[in-house]
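Chains, contacts and geometry: an overview
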Amino acid sequence: MVRSTSQPTALVAGGAGYIGSHACKALAAGGFLPVVYDTLSTGHRGLVRWGPLVEGDLLDVDTLAGAFATHRPAVALHFAACTYVGESFEDPARYYANNVVGALHLLDAARSEGNVPIVFSSTCAVYGEPGSVPITEDAALAPVNPYGRTKLAVEHALADYESAYGLRSVRLRYFNACGCDPDGEVGESHEPETHLVPRAILAAMGRLDEIAIFGDDYPTPDGTAVRDYVHVTDLADAHVAAVRHLLGGGDGGAVNLGTGRGFSVREVVDAVERVTGLPVPRRVVARRQGDPAVLVADGSRARRLLGFKAVHSDIDTIVRTAHAWLAREGPSPRPEAGAVDAIQTT
Ligand code: UDP
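So, a few notes on the structure that sits alongside this text. (Residues numbered from 1 in each chain as written. Predicted model: local features only at pLDDT ≥ 70, side-chain atom pairs only at ≥ 80, totals over all residues. Heavy atoms only, no water.)

**Regarding the overall build of the chain**
The number of helices and strands found in the chain is 10 helices and 14 strands. Looking at the 346 residues of the chain, the share that counts as buried comes to 56%. Long-range pairs, those at least 24 residues apart, make up 79% of the contacts in the chain with a sequence separation of at least 6. Side chains of the chain carry 30 positive and 41 negative charges; the gap between the two charge centres is 4 Å. (Helix = DSSP H or I, 4+ residues; strand = E, 2+ residues; numbered from the N terminus. Buried < 20%, exposed > 50% of the residue type's maximum accessible area, 1.4 Å probe, protein only. Contact = heavy atoms within 4.5 Å. Lys, Arg positive; Asp, Glu negative; His and termini not counted. Charge placed at Lys NZ, Arg CZ, Asp CG, Glu CD.)

This is the structure:
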C-alpha cells in the first residue's frame, strides 16, 4: 500500500463489510486513505486492503473518540449496521441499539471533532410501500419494517444535526446492492447469506438445494417482487462523489442510488441461469414479512448532485462478478467470518 501524508483520511465505520470494503477501494482510487473502524463481528479482516484497521464498536465511545483523535478524518462514512429485515422483527432491541444508538455516537464524535461531514448508508426501506414508482426522495417516508425505521431515525437525526449544529451529511438510500468487485479484490461474504442474487448463484452452483421465491402473488407482471438491483462498484463510486460533494462545501441531503430499472425475482433467477449456464432449482413459498411489492429508484437527484452513472449495474455484469467471487471463495465460510448474532456490516 502506498501512503502519502497529503492524502485526506476517511473514517469508514463498517469498512470490513460488503459495501464498505468496496467503498474503501473506491476511496483509495480517489486519493483518500480509508481508515476502517469495524468490530469484525461480521466484517472480514481480509477485506481491509487499502488502509489501517481500528477494531472497535460504535457503541464504545472511547475507542471511537480515539480513532477520530488519532486519524483526524476529513470525512466519515457509516456502513456499520444490522441489515436483515426478518431479524429486525425478531430482535428490534439489537437493531435500535446498533443502528440508532451506534450511529448517534458517530454523529457526536464527528460533531466534537469540528463537524466532520458524514456519508450515511441509508436504504430504500425508508419508503415502505411506495405510492408510486419510480420513487423520488420526496416520497412519503413510511417504512414497513424495524430495519427501515432504524435507518429513518438516523436520517432524521442527521437532518436535525445539520440544521442545529451545521453537521453536513449525505444520506444515500441504496436500492438493492449486489455484484462484486470486477477485479475480485473484495466481495460479498455474508454468513448467513440471505440476499437473492448470491443465494440464486449458490443454488446454481449446488451449494444450496434450491432458491425459495418469496411470494408470487404480488401485483407485478409475473407476481414476484420487483427490485432495483445496483452494482456495489457503482454504489462505491457514488460514495466518493458524495465525499467530494461534502468536502467541496455542498449541502447535505438524501439521495437515491438505483438504476431506475426494476427486475422481478423470477427475472433475476432466470438471469442467473442464463449467465452461469446452470439450472437454478426454485420453489415458490410464502411472502417474506416486510417486503414491499415494487421498489425502483428515480435517480435524477443522484445524477444531478453526484454525477451518478450506473455503469456496472446491468444484470449480466452483476451476476458474472458475484459468481466469480463465490466460485473463488469456495464452499466453506472464511475462517475470520464472525458469528451470526454479531453486528452486521453492510
Ligand atoms: N428473495 C427471494 N428469495 C430469497 C431471497 C430474497 O425471493 O432467497 C426476494 C425478496 O423477497 C425480495 C428480493 O428477493 O423481494 C430481494 O431480496 P434481498 O434479500 O436480496 O434484498 P432486500 O430487498 O431484502 O434488501
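Resuming the write-up.
**A look at the packing of helix α6 (residues 196-204) against helix α8 (residues 265-276)**
At a minimum axis separation of 10 Å, α6 and α8 run at an interaxial angle of 45°. By the angle class used here, α6 and α8 are oblique. Both α6 and α8 take part in a crossing whose hand is right-handed. Together, Leu196, Val197, Ala200, Ile201 and Ala204 of α6 and Val265, Val268, Val269, Val272 and Thr276 of α8 make up the contact between the two elements. When grouped by side-chain class, the residues that make up the contact of α6 with α8 number nine nonpolar, one polar and no charged. (Axes fitted to C-alpha atoms, helices over the stretch in contact; angles between N-to-C directions. Parallel < 35°, antiparallel > 145°, perpendicular 65-115°, else oblique. Left-handed = near helix turned anticlockwise from the far one by under 90°. Nonpolar A, V, L, I, M, F, W, Y, C, P; charged D, E, K, R; others polar.)

**Examining the site of the ligand**
Residues in close proximity to the ligand total 15 residues, the closest being Leu196, Ala212, Phe214, Arg288 and Asp291. One of the side-chain N or O atoms of Asn176 is found 3.0 Å from an oxygen atom in the ligand. Contact between the ligand and Phe214: an oxygen atom at 2.9 Å from a main-chain N or O atom of the residue. A total of 510 Å² of accessible area belongs to the ligand in isolation, and the protein chains cover 88% of it. Of the pockets mapped on this structure, the ligand occupies the largest pocket. (Near = heavy atom within 4 Å. Polar contact = N/O pair within 3.5 Å; in protein donor to acceptor, adjacent residues only side chain to side chain. Areas by Shrake-Rupley, 256 points an atom, 1.4 Å probe, with all protein chains shown as cover. 1 Å grid on protein atoms, 1.4 Å probe; cavity = no way out; pocket = protein on both sides within 12 Å on 5 of 7 lines; lining within 4 Å. Sits in = over half its atoms within 2 Å of the grid points.)

**A word on the environment of Gln7**
Along the chain, the position of Gln7 falls in the segment before β1 (9-13). Residue class for Gln7 comes out buried when judged on its relative accessible area of 18%. When the C-alpha atoms of Gln7 and Arg199 are compared, they prove to be 38 Å apart, with 192 residues separating the residues in sequence.

**Some details on the pattern of salt bridges**
If you walk through the whole model with that rule in mind, you get 19 salt bridges. One salt bridge in this structure joins Glu185 and Arg49, with 3.9 Å as the shortest N-O distance. One end of the pair, Glu185, is in the loop between β7 (176-178) and α6; the other, Arg49, is in the loop between β2 (33-38) and β3 (53-55), with 136 residues separating them in the sequence. Residue Arg49 is classed as partly exposed on the basis of its relative accessible area, which comes to 41%. Between Arg288 and Asp291 there is a salt bridge; the shortest N-O distance is 3.0 Å. (Salt bridge = Lys/Arg side-chain N within 4 Å of Asp/Glu carboxyl O.)

**Brief notes about the layout of surface pockets**
Over the atoms rolls a probe the size of a water molecule, and its path tells where empty space is left. Looking at the largest pocket, its volume works out to about 980 Å³. The wall of the largest pocket is formed by 47 residues, among which Thr83, Val85, Asn176, His195 and Arg288 lie closest to the centre. Elements with a minimum of two residues in the lining of the largest pocket: α1 (18-29), α3 (85-90), β5 (118-123), α5 (146-165), β7, α6 and β8 (211-214). When its residues are assigned to classes, the lining of the largest pocket shows 25 nonpolar, 14 polar and eight charged. (Points joined across faces, edges and corners; volume = space filled by probe spheres on them.)

**Description of the sheet that holds strand β11 (residues 253-257)**
Ordered by their spatial adjacency, seven strands build an open sheet running β3-β2-β1-β4-β5-β6-β11, and the pairing between neighbours is parallel. In this open sheet, the two edge strands, each paired with only one partner strand, are β3 and β11. This sheet shows a mean twist of 20° between the axes of neighbouring strands, independent of strand direction. (Pairing = 2+ DSSP bridges.)

**Things to note about the nonpolar core**
The biggest cluster of nonpolar side chains holds 65 residues, and the ones touching the most others in it are Leu27, Leu77, Leu172, Val197, Tyr229 and Leu257. Among the elements that make up this core, the one with the highest residue count is helix α7 (residues 232-247) (eight residues). Apart from the residues within four sequence positions on either side, Leu77 is in contact with Ala10, Leu11, Val12, Ala13, Leu27, Val119, His239 and Val243. Counting residues in hydrophobic clusters, the runner-up holds 25 residues, among them Leu11, Ala76, Ala109 and Ala110. (Core = buried A, V, L, I, M, F, W, Y, C linked by side-chain atoms within 4.5 Å.)

**Things to note about the packing of aromatic side chains**
When we look at a pair of aromatic rings, we describe it by the centre distance and by the angle of the planes. Counted under the stated rule, the structure contains two aromatic pairs. Between Tyr161 and Tyr165, the ring centres sit 5.1 Å apart and the planes meet at 85°, which makes this aromatic pair edge-to-face. Of the two residues, Tyr161 and Tyr165 are both situated in helix α5; the distance of four residues between them amounts to about one turn of the helix. Positioned above the aromatic ring of Tyr165, the side-chain terminus of Arg111 is 3.5 Å from the ring centre. (Phe/Tyr/Trp six-rings, centres within 6.5 Å; stacked < 30°, edge-to-face > 60°. Lys NZ or Arg CZ within 6 Å of the ring centre and 35° of its normal.)

Nothing here speaks to function; it is geometry throughout.
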